[in-house]
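Analysis of the macromolecular model
Spelled out, the chains give:
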Amino acid sequence: MTDNFRLTKEAAQKYNNHSVPAMFGPLAEATMQKVQLRSGTCVIDIACGTGALTREIARKLTGKGRVVGVDLNETMIEVAQSNQPDCRHVLEWYAADVTELPFEDATFDYAFIQQGLQFFPDKSAALQEVHRILRNDGQLFLTCWRAVSPFNGALAKALERHVGTDAAVKAKAPFSFRDGELISKLLVDAGFKIARHEPLVLERRFIDLRAQIMALPIETDLRDAGADVTNKVVEEVADALSRYDKKGVLHVPQEAHLFVAAV
Ligand SMILES: C[S@@+](CC[C@H](N)C(=O)[O-])C[C@H]1O[C@@H](n2cnc3c(N)ncnc32)[C@H](O)[C@@H]1O
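Just so it is clear, the structure is predicted and the values come from calculations on it, not from any experiment. (Residues numbered from 1 in each chain as written. Predicted model: local features only at pLDDT ≥ 70, side-chain atom pairs only at ≥ 80, totals over all residues. Heavy atoms only, no water.)

1. Examining the pairing of strand β1 (residues 42-46)
Among the 5 residues in β1, 5 count as buried, and that is most of the element. Both faces of β1 are covered, namely the face carrying Cys 42, Ile 44 and Ile 46 and the face carrying Val 43 and Asp 45. Direction of pairing for β1 relative to strand β2 (residues 66-71): parallel, over a ladder of 5 bridges. Looking at the pairing, Ile 46 lines up with Val 70 of β2. A crossover connection joins β1 to the parallel β2 through helix α2 (residues 52-60); in handedness this β-α-β unit is right-handed. (Buried < 20%, exposed > 50% of the residue type's maximum accessible area, 1.4 Å probe, protein only. Helix = DSSP H or I, 4+ residues; strand = E, 2+ residues; numbered from the N terminus. Pairing = 2+ DSSP bridges. Right-handed = clockwise from strand over helix to strand, strands pointing away.)

2. Let's talk about α2
The buried count for α2 comes to 7 of 9 residues, which makes it a mostly enclosed element. Where α2 is concerned, the buried positions are Ala 52, Leu 53, Thr 54, Arg 55, Glu 56, Ile 57 and Ala 58. Buried residues in α2 make contact with α1 (9-33), β1, β2, α3 (74-81), β3 (92-95) and β4 (108-114). (Contact = heavy atoms within 4.5 Å.)

3. With respect to the site of the ligand
Near the ligand you find 18 residues, and of these Tyr 15, Ala 47, Asp 71, Asn 73 and Gln 114 are the closest. In this structure, a nitrogen atom belonging to the ligand sits 2.7 Å away from a main-chain N or O atom of Ala 47. In this structure, an oxygen atom belonging to the ligand sits 2.6 Å away from a side-chain N or O atom of Asp 71. Starting from 590 Å² of accessible surface for the ligand in isolation, the protein chains cover 99%. (Near = heavy atom within 4 Å. Polar contact = N/O pair within 3.5 Å; in protein donor to acceptor, adjacent residues only side chain to side chain. Areas by Shrake-Rupley, 256 points an atom, 1.4 Å probe, with all protein chains shown as cover.)

4. Some details on the domain arrangement of the protein
Partitioning the protein into structural domains gives domain 1 (1-145 + 179-206 + 250-263) and domain 2 (148-174 + 208-247). Just the C-alpha atoms count here: the centres of domain 1 and domain 2 sit 26 Å apart. Across the contact, 17 residues belong to domain 1 and 19 residues belong to domain 2. Surface buried jointly by domain 1 and domain 2 totals about 1600 Å² across both partners, of which 61% is contributed by carbon and sulfur atoms. Applying the counting rule to domain 1 against domain 2 returns 2 salt bridges. Between the two partners, domain 1 and domain 2, sit 6 residue pairs in polar contact (both at pLDDT 80 or more). Elements supplying a minimum of two residues to the side of domain 1 that touches domain 2: α1, β6 (193-206) and β8 (249-262). (Domains from an automatic or database assignment. Buried area = accessible area lost by both parts, 1.4 Å probe. Salt bridge = Lys/Arg side-chain N within 4 Å of Asp/Glu carboxyl O.)

Right, here's the structure in full:
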């Protein structure tokens, strides 16, 4: 993601090819195992990216229903649109900011935000807007990383040493907002009641560590720094994660908060 979250089509495609199978897809599956959806309901996935969770929702939702994905980045939406899941629902996609959702009040029964909150500049306005589009008995399911993952921690350390502080900070940006009490307070201030708050742990798998590093926003910093520096960074991250190696594949734990909040 760039600083203002505007992504090129190539970056959105890379995100879909690398980060989704490694992390956001497994997180979506883990989340949906914790969720029951009433048949025939209207569901929105906000900051849906390329639709990893939107597709899981569509697979799970029975009855007629409605499944909508919204993301700020048109390029993410374009990639999402080209990936219709094998299910009965025809998914709807919109490019929009979370603070200006193009829907009437009380349109949806359920809203989901998977790893989006930390990137919203105005989190209070975002959550108030989500509250507005939910029905009186609606629910929000929200995940946000709970701890800096060993992978991103090791990557930030290597970047700090060989590239610079800006790149290191960028590598940890997805983990910049992880205080559960603060998230609870934001939800309550936006009008939600916390129904559940629990940890979700998934295993992020790395078959090709270099490819996954080069699919991240810090790719441009590494390219600017050159091949020798890139090789050093990849080697140091590989060394730091060697204890997670199982037959050539790294299985690295990554921990999220799962909040279920009622309107
Ligand atoms: C880490 S990605 C998560 C995407 C998706 N939920 C998934 O699990 O693959 C964060 C997403 O938040 C989106 N985003 C950031 N700011 C946003 C905003 N103000 N309104 C809507 N989406 C936003 C980005 O475009 C990006 O797709």
